[in-house]
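Listed here are the chains, written in short residue letters.
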Amino acid sequence: MSSEKIIPHSEAATKFNKDVERVNWHDETLWFVRAKRDKSAHQIADWELLRETASKIKNNVLSNIHDYLVEFEANAQRNGIIVHWAADAKEHNEIVHSIMAKHDVKQMVKSKSMLTEECHLNDYLAEKGIEVIDSDLGEYIVQLRKEPPSHIVLPAIHLKKEDVSETFHEHLGTEKGNFNPQYLTESARHSLRNTFLTRKVALTGVNFAVAETGEFVVCTNEGNADMGAHLADVHIACMGFEKLVPKREHLGVFLRLLARSATGQPITTFSSHFKKPRDGQEMHIVIVDNGRSKQLGREDFRNSLKCIRCGACMNTCPVYRRSGGHSYHNAVAGPIGSILAPNLDMSKNADLPFASTLCGSCTNVCPVKIDIHDQLYKWRQVLVKDGYTPTAKTVAMKTMAKVLANPTIFNIAGKSGRFVMKNIPGMVNNKMNKWYDQREMPDVPEESFREWYKKNSRESKSKDNE
Amino acid sequence: MKIGLFIPCYVDQFYPKVGIATYELLQKLGCDVEFPMGQTCCGQPMANSGYAHLTKGCDANFIANFSGFDYIVCPSGSCVLHVKDHLHDENQEDKAAAIRNTVYELTEFITDILKIDHIDGRFPYKVGMHVSCHGQRGLKLSQMSELNAPFFSKPEQLLHNIEGLDLVALTRKDECCGFGGTFCVTEEAVSVKMGQDRIKDHESHNVDYITGGDMSCLMHLEGILKRQKSRIKTIHIAEILNSLEN
């Protein structure tokens, strides 16, 4: 996947917008989730206090990450968990593969882990001849279609039931044209059940890891993490190092925030705590950096590491709702993805911080109070300074800056601009002008405000009277 | 009280009537208003595009024009937010700071500084209020739908007292219109779709006018409305608040 040519966000979004019905559906579905989030959040009297508390706990974690990681490792090892450290995606994938190889297992069942998406684990294991089945229904659907997830919580939200029906017909042999969601889910469940029963290795993500106990928590709505982990001989859990919370008592804050922010549920259906392997089972945890320590060192952007992956910023983002997750060409899409992705690779992801109107809704819904829209603004400055913008834009901006800094030039430019628009509208109303594609230009007034003011202001009137 | 009238560059050039309404309204409310003639632009178009380092000229010009006023008032939440957050000048930082602390959006200046909550006016139409994101979430002119906090709205409070004005409750009360500065051309497809959807919300409530505190949002919506040959018109809130003759 990493070798694929990247289509810039605006181009992909333009394509997505060709199908108006689908865009409307995508927007309305996600808005529905956002509305559910509002309803659920507004029922909690101390919601804003909860957000503030969560943000402060994460501040503490990020400021003392080394100590908490060491504490977690020691406690996890004491519990009988084997702890691995991965500096980057490559190391992460190699560690997972080495565990598979040690047990000589060629099949794995996985429960939704965005980190493994970030590391492109599936592709890596496929090259090694290992078959991975994603057991989360949404992930399973996109996996069958050989697509990445388009949303971190609702991976197949870009698809309608008709699309799912077609996919299942092709891969699972379901009835063609049967769009009944229950029928389709049932079919997937049967297929997955067989997977769960035969896999010897299960991989899960980690929502929260508790330093003081060495345990970790996995949240799902389908129970698929439990099905995989409880039936397999080997459980591998992969986590970015920022997933830590200091104490068990802090889970109460995050579990209340997570599901409400994600889907409007009071809590995820399953919040499973894993502390030690059961008798005869092997439990591994892979703690991954992959750019996180670099982001931790970027003062303006370190807050992005507070993210608990609820997806609320995507659901509320008016741009995401109308461009679809795939247009962000990154494992994590939407506003949070747009501030995480440039850290991973500036040249690949330079377009993402610009895929926003800076409306600020993302910052307001964020359960851990990440200043997302301010970081988008700051990333723009960094990307421009580091030379990741088209030359034409830089030239235009430099010219604009000169014109706007000088009142005389500004007045001349304004006057001549208005003259052209009025008398030679074709100069402006043409295909080169992206404004004009689907919008009319403003009417040109007889005079600017300052021209009016010169004649009509109180001072000029009193001068006239003198 | 000496007020410096800050009229955004595009309002000066394309929407002088908004500048006139603001000027007249402030005078009616008893303010001593002056428009510094050398003003141009606050520099936001560059800064939001990632070129904040190119705004030094604009910043210096802004400071030269607006230093020494008791307050600076502007009929645009977006431009005010930019000045508040980003106006700096290493050679005269004290002056920049003074400006950052005294620049106000028109409706917040009326409610918070002049302490006026009732303006006489008449506007017998059905109106939808498009809340601008920078005004609302940036300057906190009204409560945001995402937060669990009591409702308030400085602009709506003023509109409620306008005779005959029927203010509708929109379905998505603070959804972004999609203008977003240079976003409106760099992400044209999404920008226009957002604008069209914003208009649909107003249409479904059968409004005659869409109003708001930011002419940039209204300019974008107006462009789409005109292309659609819609009967709905846009009007800046200053024009409604200034609807009664002296």
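Our subject is the structure that appears above.
Predicted, not measured: the structure shown is a model, and the values here were computed from it. (Residues numbered from 1 in each chain as written. Chains lettered and ligands numbered in written order. Predicted model: local features only at pLDDT ≥ 70, side-chain atom pairs only at ≥ 80, totals over all residues. Heavy atoms only, no water.)

Caption draft 1: Quick look at the environment of A:T195. All names here are of chain A. Along the chain, the position of T195 falls in helix α10 (residues 181-198). Here T195 falls in the buried class, since its relative accessible area comes to 6%. Spatially, the C-alpha atoms of T195 and G228 are 8.7 Å apart, while their sequence positions differ by 33 residues. Not counting the four nearest positions on each side in its chain, T195 is found in contact with V109 and I133. Here the side chain of T195 touches S191 through a polar contact of 3.2 Å, landing on its backbone oxygen. (Helix = DSSP H or I, 4+ residues; strand = E, 2+ residues; numbered from the N terminus. Buried < 20%, exposed > 50% of the residue type's maximum accessible area, 1.4 Å probe, protein only. Contact = heavy atoms within 4.5 Å. Polar contact = N/O pair within 3.5 Å; in protein donor to acceptor, adjacent residues only side chain to side chain.)

Caption draft 2: Local environment of helix α5 (residues 89-102) of chain A. Between the first and last C-alpha of α5(A) there are 20 Å, a value that for 14 residues agrees with the 20 Å anticipated at 1.5 Å per step. A:D104 sits one or two residues past α5(A) and shows a positive phi near 55°. (Expected span 1.5 Å × (residues − 1).)

Caption draft 3: How the structure looks around the sheet that holds strand β3 (residues 71-74) of chain B. Residues and elements named next belong to chain B. Here four strands make up an open sheet; going across it, the order is β2-β1-β3-β4 and the pairing parallel. Each edge of the open sheet carries a strand with a single partner, namely β2 (32-34) and β4 (103-105). If you compare each strand with its neighbour and ignore which way they point, the axes differ by 35° on average. Here three bridges tie strand β1 (residues 2-5) to β2, and the two strands are oriented parallel to one another. Opposite G4, over in β2, you have E34 as the bridge partner. (Pairing = 2+ DSSP bridges. Axes fitted to C-alpha atoms, helices over the stretch in contact; angles between N-to-C directions.)

Caption draft 4: Local environment of the interface of chain B and chain A. Listed as interface residues are 74 residues of chain B and, on the opposing side, 79 residues of chain A. Taken together, both faces of the contact between chain B and chain A bury some 6500 Å²; the carbon and sulfur share is 59%. The interface formed by chain B and chain A contains eight salt bridges. Salt-bridge contacts for B:D197 lead to A:R322; the nearest nitrogen and oxygen are separated by 2.7 Å. Joining chain B to chain A, the criterion identifies 38 residue pairs in polar contact (both at pLDDT 80 or more). The leading source of residues in the side of chain B that touches chain A is helix α11 (residues 188-204) of chain B, at 10 residues. A breakdown of the residues in the side of chain B that touches chain A according to their chemical character gives 34 nonpolar, 24 polar and 16 charged. (Buried area = accessible area lost by both parts, 1.4 Å probe. Salt bridge = Lys/Arg side-chain N within 4 Å of Asp/Glu carboxyl O. Nonpolar A, V, L, I, M, F, W, Y, C, P; charged D, E, K, R; others polar.)

Caption draft 5: Just the pairing of strand β4 (residues 201-204) of chain A, in detail. Residues and elements named next belong to chain A. Burial along β4 is two-sided: the residues V201 and L203 and A202 and T204 are all buried. Pairing analysis gives three bridges linking strand β2 (residues 107-110) to β4, with the strands arranged parallel. Bridged to V109 within β4 is A202. Across four bridges, the pairing between β4 and strand β7 (residues 234-240) is parallel. Bridge pairing links L203 to I236 in β7.

Caption draft 6: Just the nonpolar core, in detail. Counting 100 residues, the largest nonpolar core has A:F72, A:F208, A:F216, A:L244, A:F254, A:I285 and A:I336 as the members making the most contacts within it. Counting residues per element, this core draws most heavily on helix α12 (residues 251-262) of chain A, at seven residues. Among residues more than four places away in sequence, those in contact with A:F208 are A:E215, A:F216, A:V217, A:C219, A:K243, A:V245, A:L251, A:F254, A:L255, A:L258 and A:I308. In terms of nonpolar packing, the next biggest core, distinct from the first, is built from 63 residues, B:F35, B:V127, B:A238 and B:L241 among them. (Core = buried A, V, L, I, M, F, W, Y, C linked by side-chain atoms within 4.5 Å.)

Caption draft 7: Spotlight on the pattern of salt bridges. Tallied over the full model, the rule gives 46 salt bridges over all chains. Taking the shortest distance from any N to any O, the salt bridge between A:R145 and A:E147 comes out at 3.2 Å. The salt bridge partner of A:E451 is A:K415, with a shortest N-O separation of 3.7 Å. One end of the pair, A:E451, is in helix α22 (residues 449-456); the other, A:K415, is in helix α21 (residues 407-423), with 36 residues separating them in the sequence. Among the residues examined, A:E451 registers a relative accessible area of 18% and is labelled buried. Because the salt bridges share partners, they merge into one network encompassing A:D27, A:R321, A:R322, B:R172, B:E175, B:K193, B:D197 and B:K200.

Caption draft 8: Region of interest: unusual backbone geometry. All names here are of chain A. One non-glycine residue, K146, adopts positive backbone phi at about 55°. Topologically, K146 is positioned in the loop between α8 (137-144) and α9 (161-172). The phi dihedral of N290 is positive, around 45°, even though this residue is not glycine. Of note, N290 is situated in the loop between β10 (282-288) and α13 (292-297). Judged by its relative accessible area of 13%, N290 is buried.

Caption draft 9: Structural context of the sheet that holds strand β5 (residues 208-210) of chain A. Residue and element names in this part refer to chain A. Pairing within the open sheet is mixed, and its four strands lie in the order β8-β5-β6-β9. Each having just a single partner strand, β8 (244-245) and β9 (270-274) make up the two edges of the open sheet. Bridge count for strand β6 (residues 215-220) against β9 is five bridges, and the pairing is antiparallel. Residue T220 lies in a different strand from β9, and its bridge partner there is F270. Contacts from α12 reach β5, β6, β8 and β9 within the one sheet, and its direction differs from that of β5 by about 175°.

Caption draft 10: Spotlight on the packing of aromatic side chains. All told, the structure shown has 22 aromatic pairs over all chains when counted by the stated rule. Judged by centre distance (6.3 Å) and plane angle (50°), the ring pair of B:F66 and B:F69 falls under tilted. There is no split in this pair, since B:F66 and B:F69 are both buried. When the centroid spacing of 5.1 Å and the interplanar angle of 70° are considered together, the rings of B:Y125 and B:Y209 count as edge-to-face. Of this pair, B:Y125 sits in the loop between α7 (106-113) and β5 (126-129) while B:Y209 is found in strand β7 (residues 209-212), placing the two residues 84 residues apart along the sequence. The buried category is assigned to B:Y209, whose relative accessible area is 13%. The side chain of A:K58 reaches across the aromatic face of A:F254, ending 5.6 Å from its centre. Residue placement shows B:K84 over the ring face of B:Y104; its charged tip is 5.3 Å from the ring centre. (Phe/Tyr/Trp six-rings, centres within 6.5 Å; stacked < 30°, edge-to-face > 60°. Lys NZ or Arg CZ within 6 Å of the ring centre and 35° of its normal.)

Caption draft 11: Representation of a nonpolar patch on the surface within the structure. Together, A:F419, A:I424 and A:M427 give the surface a local cluster of nonpolar side chains, amounting to about 330 Å² of exposed area. In this structure, A:F419 sits in helix α21. (Patch = residues over 30% accessible without salt bridge, like charges linked within 9 Å, V, L, I, M, F, W, Y side chains within 5 Å. Areas by Shrake-Rupley, 256 points an atom, 1.4 Å probe, with all protein chains shown as cover.)

Caption draft 12: Here's a closer look at the environment of A:W85. All names here are of chain A. Relative to the assigned elements, W85 resides in strand β1 (residues 82-86). Looking at W85, the relative accessible area reads 38%, which means it is partly exposed. With residues near it in sequence (within four places) discarded, W85 still touches L69, E73, E91, I95 and I287. Engagement of the side chain of W85 in a polar contact is seen with the side chain of E73, the distance being 2.8 Å.

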